[in-house]
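The primary structure of each chain is shown beneath.
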Amino acid sequence: MINLYALTLDELAELLAELGEPRFRARQIWDWMYAKRVGNFEAMTNLPRHTRRKLGEATRLGELEMAARRQSKDGTEKRLYRLPDGQLIESVLMPYDNNRQTACISSQAGCAFGCVFCATGQMGFGRHLSAAEIFEQAMIFARDLAARGERLSNVVFMGMGEPFHNYDASLAAVDKLMNRLGIGARHITISTVGLVPQIRRFADEGLQVKLAVSLHKADDSERSALLPVNRRWPIAELMDACRYYVERTKRRITFEWAAIAGENDTVAEARRLGRLLAGLHCHVNIIPLNPTGGYARGPATALELERFLATLRQYDVNATVRVRRGIDIEAGCGQLKTAVMEAHKPG
Ligand code: SAH
Ligand code: SF4
C-alpha cells in the first residue's frame, strides 16, 4: 500500500492518473491532508464515493502503528509507534500555556552514540528513519490537534536518535514540516550530540531552524566518559564549530545540560562552563536528569541548580532550568520503549 504522506503533490497527481482519476483531485486531497488535516478518506467529503474507495484500497494515510500511549498528569502525551519492519520509535507532545504545542520527534530507531545516561543510547542503534517516518510523527500530532481545534506550533528533534547522523532525512523532514504543516523555521529545533562536520554543514544551509548542542560537561576526559562521541570530536573542536555556526548564521546557539547530581552540578563545573561559553551568543538549557535503568545517578537538587545558575551569571552566560515534563510517564528519550519492552519480556 502506498503511503500518501510520503508523496509529493506531483506524485499524488501521477498516482491519481494511474487510478483513472482526474489529476485536479490531487490538490483537493492534499488540502484535506495538510490544511484540514483529516485522518481518513471518509472525511474528504468533496471527493466522489468511488474515489474515496479507490484511495482506501490502494493507499494509506501513514505507516506508523500506535503500539503504546501514555498521558501524563501535566498533559504531556507520549506515544510508541511500530514501524512496518517492527522497529519501535517514540514521540512526545508537550502542551504549554499560551497555546504552544510542541512535538518531540525521533530521527532514528535507537542510537549509535551510546551516551551513558540516555535510554536510547543504552539500547543501541536500530536504523535510520526516512524523512516520511520522521515527518509523520509530527503529522499525527498535528492531525489529532486539528480534530480538537488546536494547532501544532513547535517541533524539536529531541526524541530517539541523532538527527545529524541521519542528516539528509532529518533536513528533508524539516522541509516538510515547514511546507506542509506551516511550522516556521524558528519554531523547529534540531538537537545534536556534537557532530562537528554536520554542525558546520548545517550553518551553511541558510536556514532559520534552531540548533541545540548537548554539552553536559565542560572537561574533555569527563565528557568522553558520559558522551563517547567526545573522543572523536573533543570540546575545542566542537566549540570551534559552534562559534562558526553563530558567526555564519548570526543566530544564538543553545547548549543542553542534563544536570546530574554529583556529576556536573558543582560550582567548579559551572565555572568551567562559564569560562568555556563566556562571550558566545548562546543560551544554556539545564534539564535535571531523567533517571534511567542503565545509569545509577539522579537529578541535581534545586539548591545545586540555584548555585549553578548564580555561578554562570558571573560569566554573563544565559541559562534557564527547564521543568522536566512527563516524568510520571517515562517521557525521557527512549524510556517508553524500554518500559514497554520490560513489561513484555518473556518469563
Ligand atoms: N541525539 C540528540 C537528540 C536526542 S536526545 C542529542 O543527543 O542531542 C535530546 C536531549 O535529551 C539531549 O540533550 C540528550 O543529552 C538529552 N537526554 C538524553 N537522556 C536524558 C536523560 N535521561 N535525562 C535528561 N536528558 C537526557
Ligand atoms: Fe543518542 Fe542523543 Fe541519546 Fe546520545 S543523548 S545516545 S546522541 S539520542
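All figures in this text were calculated on a predicted structure; none of them were measured in a lab. For every chain, the first residue of the written sequence is number 1, and numbering continues from 1 onward in sequence order. Working convention: letters from A go to chains and numbers from 1 go to ligands, in the order in which they are written. Confidence filtering applies because this is a predicted model: local features only for residues at pLDDT of at least 70, side-chain atom pairs given and counted only at 80 or more, and all residues used for totals across whole chains, interfaces and linings. As a convention, hydrogens and water are excluded, and side-chain values are obtained from all of the structure's heavy atoms.

Please explain the sheet that holds strand β11 (residues 210-214) as it appears in this structure.
In any sheet, the strands associate via hydrogen bonds between backbone groups, in a parallel or an antiparallel arrangement. Any two strands with at least two DSSP bridges between them are considered paired. Secondary structure elements are defined from DSSP: runs of H or I of at least 4 residues count as helices, runs of E of at least 2 residues count as strands, and each element is numbered from the N terminus. The sheet built from 10 strands is open, its strands ordered β3-β4-β5-β6-β9-β10-β11-β12-β13-β14 with mixed pairing. The strands lining the two open edges of the sheet, one partner per strand, are β3 (65-71) and β14 (318-321). Taken pair by pair, the neighbouring strands of this sheet meet at an average axis angle of 20 degrees, ignoring direction. As paired elements, β3 and strand β4 (residues 77-82) share six bridges and run antiparallel to each other. Residue pairing across strands places R70 opposite K78, the latter belonging to β4. Only the contacting stretch of a helix is used when fitting its axis, a line to C-alpha atoms as for every element, and angles between N-to-C directions run 0 to 180 degrees.

What am I meant to see in helix α11 (residues 302-314) here?
Residues spaced three or four apart along an α-helix point in a common direction, a consequence of the helix completing one turn every 3.6 residues. Expected helix span is given by 1.5 Å per residue-to-residue step, counting one fewer step than there are residues. When the terminal C-alpha atoms of α11 are compared, their 19 Å separation across 13 residues agrees well with the 18 Å that a helix rising 1.5 Å per residue should span. A 1.4 Å probe rolled over the protein chains alone gives each residue an accessible area, and that area as a share of the maximum for its type sets the label: buried under 20%, exposed over 50%, partly exposed in between. All of the buried residues along α11 are L305, F308, L309, T311 and L312. Taken end-on, α11 shows its buried residues confined to a sector of 160 degrees, consistent with a single buried face. Among the exposed residues of α11, those pointing more than 90 degrees away from its buried face are L303, R313 and Q314. By definition, the arc is the one covered by directions from the helix axis to the C-beta atoms.

Help me understand the site of ligand 1 in this model?
Here a residue is considered near a molecule or strand provided that any single heavy atom belonging to it is located within 4 Å of it. Taken together, 18 residues are adjacent to ligand 1, and G161, S191, S214, H216 and N290 come closest. Under the rule applied, a polar contact is a pair of N or O atoms within 3.5 Å (in protein, one hydrogen donor and one hydrogen acceptor; residues adjacent in sequence only if both atoms are side-chain atoms). Between ligand 1 and the protein, one listed contact pairs a nitrogen atom with a backbone N or O atom of G161 at 2.9 Å. One of the backbone nitrogen or oxygen atoms of T192 is found 3.5 Å away from an oxygen atom of ligand 1. A total of 530 Å² of accessible area belongs to ligand 1 in isolation, and the protein chains cover 92% of it. Mapped by element, the contributors of at least two residues to the shell around ligand 1 are β10 (188-192) and β12 (253-259). Of the residues that constitute the shell around ligand 1, the class distribution is eight nonpolar, eight polar and two charged. Accessible surface is estimated by sampling points in the Shrake-Rupley manner with a 1.4 Å probe; for residues, cover comes only from the protein chains shown. Three classes are used, and their members are as follows: Ala, Val, Leu, Ile, Met, Phe, Trp, Tyr, Cys and Pro are nonpolar, Asp, Glu, Lys and Arg are charged, and the others, Gly among them, are polar.

Even after reading the chapter, I still don't get the packing of aromatic side chains, so can you show me in this structure?
For any pair of aromatic rings, geometry is given as the distance between the ring centres together with the angle between the planes. Any two of the Phe, Tyr and Trp rings considered here, Trp counted by its six-membered ring, make a pair once their centres fall within 6.5 Å; the pair's planes then place it as stacked at under 30 degrees, edge-to-face at over 60, or tilted in between. All told, the structure shown has eight aromatic pairs when counted by the stated rule. Aromatic pair F117 and Y295: ring centres 6.3 Å apart, planes at 65 degrees, arrangement edge-to-face. Of the two residues, F117 sits in the loop between β7 (108-110) and α4 (119-123) while Y295 sits in the loop between β13 (282-288) and α11, which places them 178 residues apart along the sequence. Through a chain of ring-to-ring contacts, three or more aromatic side chains come together here, namely Y5, W30, Y34 and F135. Over the ring of Y96 we find R100; its NZ or CZ atom is 4.6 Å from the centre of that ring. For a Lys NZ or an Arg CZ to count as sitting over a ring, it must be within 6 Å of the ring centre and within 35 degrees of the ring normal.

Where do I start with the pattern of salt bridges in this structure?
Two side chains of opposite charge can pair, provided their charged atoms sit close to one another. Whenever a carboxyl oxygen of Asp or Glu lies within 4 Å of a side-chain nitrogen of Lys or Arg, that contact is scored as a salt bridge. Evaluated as defined, the whole model comprises 23 salt bridges. The shortest N-O distance in the salt bridge between K54 and E21 comes to 2.8 Å. Taken together, the residues K54 in helix α3 (residues 49-58) and E21 in the loop between α1 (9-18) and α2 (25-35) connect sequence positions 33 residues apart. Using a relative accessible area of 7% as the deciding quantity, one classes E21 as buried. Close ionic contact of K36 with D31 constitutes a salt bridge, the shortest N to O distance being 2.8 Å. The exposure class of K36 is partly exposed, given its relative accessible area of 41%. Because the salt bridges share partners, they merge into one network encompassing K217, E222, E263, E269, R272 and R297.

Could you clarify how one ought to interpret the environment of G39 in this entry?
In this structure, G39 sits in the loop between α2 and α3. If we ignore the near neighbours within four places in the chain, the residues touching G39 are L61 and R143. The contact criterion used is simple: two residues touch if any of their non-hydrogen atoms lie within 4.5 Å.

For this particular structure, what's the right way to read the environment of F255?
Looking at the element boundaries, F255 is found in strand β12. Residue F255 is classed as buried on the basis of its relative accessible area, which comes to 1%. Distance in space between the C-alpha atoms of F255 and A146 is 32 Å, their sequence separation being 109 residues. When near neighbours in sequence (up to four residues on either side) are disregarded, F255 contacts V213, L215, M239, C242, L277, L280, C282, H283, V284 and N285.

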